[in-house]
Amino acid sequence: MIDETDRNILMALADDARLSLKELSQRVNLSAPSVSERLKRLEERGVIRAFTLDVDPSALGYTLQAIVRIRPLPGQLHIVQNLLDQVAELVECDKVTGDDCFIARLYIRSMEHLDRILDRIAEKAETNTAIVKAQPVRRRLPPLA
């Protein structure tokens, strides 16, 4: 799996993915070439999938966040999946077990905006929506031990 140095690299990057190689090497007490080689191996092994950008949706006018459970009507699964893929406001979607097939996270500007989006799939699926009030636990790394 990963050793303590790799864990330290991952935790430092989770805090700030824009760290320079020099800053990162100082934080984990290794030379820059050693850190570079470790990063390369972590990427090759698929441990690090991407270095990402975290944008605040509210700064772009998306003041509401909705979690939508989606249950396609019989025979509509693939059609609904394609429709969901075309919704730009849908930033995350999981295909799940249970009564619903998809759980989607959307950023929206208003309730009317949400209605327009849901109307696109209303003939193909049943939906159940919850508006997010707060996010007490933000996305984080799984345990690295």
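Residues numbered from 1 in each chain as written. Predicted model: local features only at pLDDT ≥ 70, side-chain atom pairs only at ≥ 80, totals over all residues. Heavy atoms only, no water.

A. Seen up close, the packing of helix α1 (residues 4–15) against helix α3 (residues 32–44). Put simply, α1 and α3 touch, their axes get as near as 11 Å, and they point 85 degrees apart. Between α1 and α3, the angle falls in the class roughly perpendicular. In this structure, α1 contributes Thr5, Asp6, Ile9, Leu10 and Leu13 to the contact, and α3 contributes Val35, Arg38, Leu39 and Leu42. When grouped by side-chain class, the residues that make up the contact of α1 with α3 number 6 nonpolar, 1 polar and 2 charged. (Axes fitted to C-alpha atoms, helices over the stretch in contact; angles between N-to-C directions. Helix = DSSP H or I, 4+ residues; strand = E, 2+ residues; numbered from the N terminus. Parallel < 35°, antiparallel > 145°, perpendicular 65-115°, else oblique. Contact = heavy atoms within 4.5 Å. Nonpolar A, V, L, I, M, F, W, Y, C, P; charged D, E, K, R; others polar.)

B. Spotlight on the layout of surface pockets. Its boundaries defined by the atoms lining it, the largest pocket holds a volume of some 2,000 Å³. Along its surface, the largest pocket is lined by 48 residues, and Thr52, Leu53, Asp54, Arg139 and Arg140 are the ones closest to its centre. Those elements that provide at least two residues to the lining of the largest pocket are α1, β1 (64–72), β2 (90–95) and β3 (102–108). Looking at which element gives the most residues to the lining of the largest pocket, the answer is α1, with 5 residues. Its residues assigned to classes, the lining of the largest pocket comprises 27 nonpolar, 6 polar and 15 charged. (1 Å grid on protein atoms, 1.4 Å probe; cavity = no way out; pocket = protein on both sides within 12 Å on 5 of 7 lines; lining within 4 Å. Points joined across faces, edges and corners; volume = space filled by probe spheres on them.)

C. Spotlight on the packing of α1 against helix α2 (residues 21–28). Where α1 meets α2, the axes come as close as 10 Å, and the angle between the chain directions of the two elements is 130 degrees. It follows from the interaxial angle that α1 and α2 lie oblique. Crossing angle aside, the handedness with which α1 passes α2 is right-handed. Facing Asn8, Ile9, Ala12 and Leu13 of α1, the residues of α2 in contact are Leu24, Arg27 and Val28. The residue inventory of the contact of α1 with α2, partitioned by class, reads 5 nonpolar, 1 polar and 1 charged. (Left-handed = near helix turned anticlockwise from the far one by under 90°.)

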